[in-house]
Amino acid sequence: MNLSGIIGWTNEADEVVSPTGLLMRTLGSLTQPVFAKGKLIAEVKKAQAEQEVAKIAFHQAILKAGQEVNNVLATRQYTQRSIKQISQQVEKLTDVLDATEKRMRYDSEVNYLQVLLARQAMLEA
């Protein structure tokens, strides 16, 4: 560096460097991270908020899936019980039909209408 007659000095490329320009560049380079820090903090807070929203959505999806599984299991259990009861009812009505048909063959008081009614009840079941 060389001292010159103007306010400031020159560097090796013979460019005039003033103290004010140097001070402004230094001040700018020092304040830039301060403002960047504020932007980075805001971005971190935004990312944390988005993460919290995603976390809540995930928990809600898990709860909904659990409820759906519970509903399916309850429906399956109810259906199995219903099938069992209907099967038992069909067995009993089949026995009633067989007994009615046998009574019709050997007992004159039982007519074919009673057999038809027994068949109808079995078919409805």
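One structure accompanies this document, and this report is about it.

So, the pattern of salt bridges
At step 1: For the structure on display, the rule yields 1 salt bridge.
At step 2: With a closest N to O distance of 2.7 Å, Arg 119 and Glu 101 form a salt bridge. One end of the pair, Arg 119, is in helix α2 (residues 112-124); the other, Glu 101, is in helix α1 (residues 19-106), and 18 residues separate them in sequence.

With respect to a nonpolar patch on the surface
At step 1: A contiguous nonpolar patch, built from Tyr 112, Leu 113, Leu 116 and Leu 117 and spanning about 390 Å² of accessible area, is present on the exposed surface.
At step 2: If you trace the backbone, Tyr 112 turns up in helix α2.
At step 3: Residue Tyr 112 is classed as partly exposed on the basis of its relative accessible area, which comes to 43%.

Looking at the environment of Gln 114
At step 1: Mapped onto the fold, Gln 114 is located in helix α2.
At step 2: Relative accessible area serves as the criterion here: at 38%, Gln 114 is assigned to the partly exposed category.
At step 3: In contact with Gln 114, not counting residues within four places along its chain, are Thr 100 and Glu 109.

Criteria and thresholds
- Residues numbered from 1 in each chain as written.
- Predicted model: local features only at pLDDT ≥ 70, side-chain atom pairs only at ≥ 80, totals over all residues.
- Heavy atoms only, no water.
- Salt bridge = Lys/Arg side-chain N within 4 Å of Asp/Glu carboxyl O.
- Helix = DSSP H or I, 4+ residues; strand = E, 2+ residues; numbered from the N terminus.
- Patch = residues over 30% accessible without salt bridge, like charges linked within 9 Å, V, L, I, M, F, W, Y side chains within 5 Å.
- Areas by Shrake-Rupley, 256 points an atom, 1.4 Å probe, with all protein chains shown as cover.
- Buried < 20%, exposed > 50% of the residue type's maximum accessible area, 1.4 Å probe, protein only.
- Contact = heavy atoms within 4.5 Å.

These values are about where atoms sit, not about what they do.
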